[in-house]
Amino acid sequence: QLNVNHFKRMADIGGGGGGLNSIVSNSFKRRVPADWTFNLSWLFTPIPPIKKDLRLVDGPRSRKRWDGQVSMPLFWQLFMVIMFLPTMVVSVILLLQGNHLETMDATLCIVLICTLFSCLTRVADMRPGTSVAAMCTIFLLPTLCFVMLTHPLGSHPTNLTTALAALRGQW
């Protein structure tokens, strides 16, 4: 059972009796009256400064400001540099050589690159589980290079798809 009360209420905002026409007109209706005048010189008039910075809260803050999980130790900084640079190089090579890959190989490379960057950003977040993301990164980068160099899902006779097709033919 679909709850359509929201759509009924949206259709009856203006008291027009409802219906699709009312929903469409109410979607584009301007609720606040506006003066539709345009003056080109207003683009060059300075915006007046505000009297008080409204971002500052008078008194104690309602919650503690979050400044990040923890600062990144030197080991993790080195790890990020060592893993990020080859990842960027492999990404650029994939962009330049992507048209030479088979469709399945290119798709697998894109999935691996996205997962690799996701793991690297998880390491950069320094939240619990950083070492798991680091291990995934260490595993994914050679896997990506292997896929780009050997084309395991392509149409070459030594590849995985043809081996699976040969196995299917034997069954």
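Conventions we followed
Residues numbered from 1 in each chain as written. Predicted model: local features only at pLDDT ≥ 70, side-chain atom pairs only at ≥ 80, totals over all residues. Heavy atoms only, no water. Helix = DSSP H or I, 4+ residues; strand = E, 2+ residues; numbered from the N terminus. Buried < 20%, exposed > 50% of the residue type's maximum accessible area, 1.4 Å probe, protein only. Areas by Shrake-Rupley, 256 points an atom, 1.4 Å probe, with all protein chains shown as cover. Patch = residues over 30% accessible without salt bridge, like charges linked within 9 Å, V, L, I, M, F, W, Y side chains within 5 Å. Salt bridge = Lys/Arg side-chain N within 4 Å of Asp/Glu carboxyl O. Phe/Tyr/Trp six-rings, centres within 6.5 Å; stacked < 30°, edge-to-face > 60°.

Before going further, it helps to spend a moment on the overall build of the chain. For the chain, the count of helices and strands is 6 helices and 0 strands. Counting every position in the chain, which comprises 171 residues, the buried fraction comes to 20%. A total of about 14,100 Å² of accessible surface is found on the chain, and carbon and sulfur atoms cover 66% of it.

Taken together, Phe38, Leu40, Leu43 and Phe44 make up a surface patch of nonpolar side chains, about 550 Å² in accessible area. Looking at where leucine 40 falls in the secondary structure, it is placed in the loop between helix 2 (20-27) and helix 3 (74-97).

Counted under the stated rule, the structure contains 3 aromatic pairs. Summarising the aromatic geometry, the rings of phenylalanine 75 and tryptophan 76 are spaced 5.1 Å apart at their centres and angled 75° between planes, so their arrangement reads as edge-to-face. The class for tryptophan 76 is buried, based on a relative accessible area of 16%. Centre to centre, the rings of phenylalanine 84 and phenylalanine 117 are 6.4 Å apart; their planes meet at 65°, and the pair counts as edge-to-face. You can see phenylalanine 84 sitting in helix 3 and its partner phenylalanine 117 sitting in helix 4 (residues 103-125), a full 33 residues away along the chain. Phenylalanine 84 sits in the partly exposed class, given a relative accessible area of 37%. Ring pairing ties together the aromatic residues Phe75, Trp76 and Phe79, which thus form one cluster.

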